[in-house]
Amino acid sequence: FWWAPDGSALLVARVDNSMLPLTYLADPSAEREPPRQLRYPFAGGPNAEVTLHVVGLDGTVPDGTVPDGAVTEVAWDRDAFEYLVAAGWDDRGPLIAVQNRAQTEVRLLTVDPATGATAEVFTDKADSPLSVPAGIPARLAGGELIWLADVEDARRLLVAGVPVTPTSLQVREIVDSSGDSVLFHASTEPTEIHVYEWSAATGIRQLSAGSGVHAGVRGGDTLVLTSRGLEIDGVRTVVASAGRADGEIACLALPTDRPRVEIFSAGTRQIRTAVILPRDPVLAAGPLPVLFAPYGGPGAQEVMQYRDGYRMSQWFADQGFAVVTADGRGTPARGKAWRDAIWLDKAGPALDDQVAVIDDVRQRYPQLDFGRVAIHGWSFGGFLAALAVLRRPDVFHVAVAGAPVTDFRMYDTHWAERYLGHPGEHAEAYDRCMLMRDAPNLQRPLLLVHGLADDNVLPAHTFRLSEALTAAGKLHGVLPLRGTSHMISLPQVAVNLRLVELEFIRNALGIDTPA
């Protein structure tokens, strides 16, 4: 829900998922517990019905009914635009963004809170699906609409429909649009994020400084900047009020040493790549087996200029590996063409880009042993790890795949269809990304790990791949995690899982466990 600025009413979203098919999450170790029921929007299937209502604050009468005029439904063409992707309420009234099922068109609509009627004020269209970044829709105090759109292969800030940022800047999200200025996060280099402000009077100003990942938040005349970097121990917060710096707040929550990481651009596609070496100089001299640790999918980056993102990789490196992470096509902040490279194929380009960095890495680090290469990952990274040993056993010699999406038909509508289209129209796209079709090709050790309470990537993904591997006579391992959802919340499970992974990889690569 979203408050009216004067506190007199709410704009409320109502979600009805009763039309979604039921799926079940069972705990085999709890023999007397019934499975948990879950409504899930499988790709190609129905979506939840989402409606919007303006709700007054006059309450209900004693019998529980709603008095006349207390609730007004917002009207738009929900058949053509079934996704409500953003909403807000400023001094000029409610403003919402709706999207069609194909995700190729987004409309901004104003809402009359008295009648629920809507009016279109802006439309963004594309040949391929559009993602809607955080912070929009929004307006300046003068009523000018703020939007982010792909113009000349750059995600640019639009004010009243006119791009106001250069093509050299990839805008990531809007942070604040109060008054006559816009605060936003953007990148000129995809491994860094900076805070910028735009106003008609001053143009664009960069507010953050120094290499790293910066973020900002603003309230009234107070601006708070947070900065993380490879040279910053933990997180440094800078507070500025009314244009003057008021000081720094040290964060002692994550006292970590600087990781031994080098970040560079590899190959003809300039794939941002990180290599993490052991901190022990004797170990780092090699020869070192290689561990790829990608996410490698849309919506997330691993290769960033801040130390917190490398803690796990540094731990694996300190066990005697060179850890390689690469952000290939489909990852953010590289423009629309880069994102669209995985349209209708989330498997081929993602795997190709992992392999493509090897030549540059080998030249930079001659002590790396590419005759012993492992890969591990979680979620999309788990999909990519399993894909690697199934399709490129000549490069990857062992994989640990955590919570892998093995068939995108079993994933949710909005995310799966954004990259592979509707399965009724693009069955071949889903087929080319289905790991079960590659099961007969397994030649390398593969360990599948999945939480049995995972309501994001359902456990069925792992078990169907295991079934296909068994049917093909392919030896593999399956490690089910009881009571674990998509993100591992129990520290002892998270820690011991890494120890299990390490032992599995060492055994597969013929590496002796240190005494």
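Data block above holds the structure.
Residues numbered from 1 in each chain as written. Predicted model: local features only at pLDDT ≥ 70, side-chain atom pairs only at ≥ 80, totals over all residues. Heavy atoms only, no water.

A. How the structure looks around helix H7 (residues 413-420). In terms of burial, H7 is a largely internal element, 6 of the 8 residues being buried. Restricting attention to buried positions, one finds in H7 the residues Thr-413, Ala-416, Glu-417, Arg-418, Tyr-419 and Leu-420. Those residues of H7 that are buried lie in contact with strand S7 (83-90) and helix H8 (427-432). The N-cap residue of H7 is Asp-412: its side-chain oxygen and the backbone nitrogen of His-414 are 3.4 Å apart. (Buried < 20%, exposed > 50% of the residue type's maximum accessible area, 1.4 Å probe, protein only. Helix = DSSP H or I, 4+ residues; strand = E, 2+ residues; numbered from the N terminus. Contact = heavy atoms within 4.5 Å. Polar contact = N/O pair within 3.5 Å; in protein donor to acceptor, adjacent residues only side chain to side chain.)

B. Inspection of the pattern of salt bridges at higher detail. One pass over the full model with this rule turns up 28 salt bridges. Measuring nitrogen to oxygen at the nearest pair gives 2.8 Å for the salt bridge that ties Arg-258 to Glu-231. Placement of Arg-258 in the loop between strand S22 (244-250) and strand S23 (261-266) and of Glu-231 in the loop between strand S20 (222-228) and strand S21 (236-241) is noted, with a sequence separation of 27 residues between them. For Arg-258, a relative accessible area of 33% puts it in the partly exposed group. Among the residues examined, Glu-231 registers a relative accessible area of 60% and is labelled exposed. (Salt bridge = Lys/Arg side-chain N within 4 Å of Asp/Glu carboxyl O.)

C. Focus on the pairing of strand S5 (residues 49-56). Pairing between strand S2 (residues 9-16) and S5: 8 bridges, direction antiparallel. Among the inter-strand pairings, Ala-13 is bridged to a residue of S5, identified as Leu-52. Across 3 bridges, S5 lies against strand S6 (residues 71-73) in antiparallel orientation. Paired with His-53 across the two strands is Glu-73, which belongs to S6. (Pairing = 2+ DSSP bridges.)

D. Structural context of the environment of Glu-192. Along the chain, the position of Glu-192 falls in the loop between strand S16 (181-187) and strand S17 (194-199). Judged by relative accessible area, Glu-192 falls into the buried class, the value being 16%. Separated by 22 residues in sequence, Glu-192 and His-214 place their C-alpha atoms 7.8 Å apart. If we skip the residues at most four places from it in the chain, Glu-192 touches Arg-172, Ala-186, Ser-187, Gly-210, Ser-211, Gly-212, Met-304 and Gln-305. A polar side-chain atom of Glu-192 sits 3.5 Å from the main-chain amide nitrogen of Gly-212.

E. The packing of helix H2 (residues 311-318) against helix H10 (residues 491-509), seen in detail. Two elements in contact, H2 and H10, have axes whose closest approach is 12 Å; the angle formed by their N-to-C orientations is 40°. Here H2 lies oblique to H10, going by the angle between them. In this structure, H2 crosses over H10, and the sense of that crossing is right-handed. Of H10, the residues touching H2 (which contributes Met-312, Trp-315 and Phe-316) are Arg-498, Leu-499, Glu-501 and Leu-502. (Axes fitted to C-alpha atoms, helices over the stretch in contact; angles between N-to-C directions. Parallel < 35°, antiparallel > 145°, perpendicular 65-115°, else oblique. Left-handed = near helix turned anticlockwise from the far one by under 90°.)

F. Focus on unusual backbone geometry. A cis amide bond links Ile-136 to the next residue, Pro-137, at an omega of 10°. Looking at the secondary structure, you find Pro-137 in the loop between strand S10 (118-125) and strand S11 (138-139). In this model, Gly-286 is joined to Pro-287 through a cis peptide bond whose omega is 0°. Its place among the elements puts Pro-287 in the loop between helix H1 (281-284) and strand S25 (288-292). Despite not being glycine, Glu-152 has its phi angle at roughly 55°, a positive value. Within the secondary structure layout, Glu-152 lies in the loop between strand S12 (145-151) and strand S13 (154-159). Phi at Leu-344 takes a positive value of approximately 70°, unusual for a residue other than glycine. Structurally, Leu-344 is set in the loop between helix H3 (336-340) and helix H4 (348-356). On the basis of relative accessible area, Leu-344 is assigned to the buried category, the value being 18%.

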